[in-house]
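# Reading the structure
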Amino acid sequence: MTARAIAGTIIAYLYNNFLTYVPSRGLRNLFLSHWFSAFGEGCGVQMRVRILNGRKIQLGKRVVINWGCVLDGRKFAIRIGKDVSLGPECTIITIGHDPQSPDFDDRGGEVTIGDRVWVGQRAMILPGVNVGEGAVIAAGAVVSKDVDPFSIVAGVPAKEIGKRNRDLSYKLDYKPWLT
């Protein structure tokens, strides 16, 4: 294991086992703004969010990551646009294993989430997925394929169930106290 990998493991350990439980959004954001490859103005990462390799995570402006989410950037990047809301306990995975591999080889890809995407509680986005601008992912959905812009998807596996209004102009500003 390289010195860089050891340092990354220690940073993740400190965040995931201590700092994520500190009820100070300012302190967490300060730490994350130095750890993530990009941390946009106005972002809010609530308590009890687990991060695996923050160096591969990019957040646009005003991203809200609710409590209990998991961002797994161990091998591939996670790129999140602006004004994105990740509901509680969402999971974004960038790496897994090839079930057909006799050697249990890794398989994965980066995840990209466009601007003004809304991800419902306990949704899961799998490796290599691109979620288009303005899309909505319903609570509990498992997204294994790309999602078209302004689509509403639900289910396991997620399938399109509708379209979202394209005239979106909101800017997220969700900063609850002690979260």
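Details of the structure are given in the entry above.
Just so it is clear, the structure is predicted and the values come from calculations on it, not from any experiment. (Residues numbered from 1 in each chain as written. Predicted model: local features only at pLDDT ≥ 70, side-chain atom pairs only at ≥ 80, totals over all residues. Heavy atoms only, no water.)

### Quick word on the packing of helix α1 (residues 3-17) against helix α2 (residues 25-35)
What describes two packed helices is the angle between their axes and the distance between those same axes. Packing of α1 against α2 leaves a shortest axis separation of 12 Å and a crossing angle of 160°. With respect to α2, the axis of α1 lies roughly antiparallel. The way α1 lies across α2 gives a crossing that is left-handed. Contacts from I11, A12 and Y15 of α1 reach α2 at R28, F31, L32 and W35. In the contact of α1 with α2, the residues fall into six nonpolar, no polar and one charged. (Axes fitted to C-alpha atoms, helices over the stretch in contact; angles between N-to-C directions. Helix = DSSP H or I, 4+ residues; strand = E, 2+ residues; numbered from the N terminus. Parallel < 35°, antiparallel > 145°, perpendicular 65-115°, else oblique. Left-handed = near helix turned anticlockwise from the far one by under 90°. Contact = heavy atoms within 4.5 Å. Nonpolar A, V, L, I, M, F, W, Y, C, P; charged D, E, K, R; others polar.)

### Concerning α1
Here α1 spans 21 Å end to end across 15 residues, near enough to the 21 Å set by a 1.5 Å rise per residue. In the core, the buried residues of α1 are packed alongside α2, β2 (44-45) and β3 (50-52). (Expected span 1.5 Å × (residues − 1).)

Read these as geometric descriptors, not functional statements.
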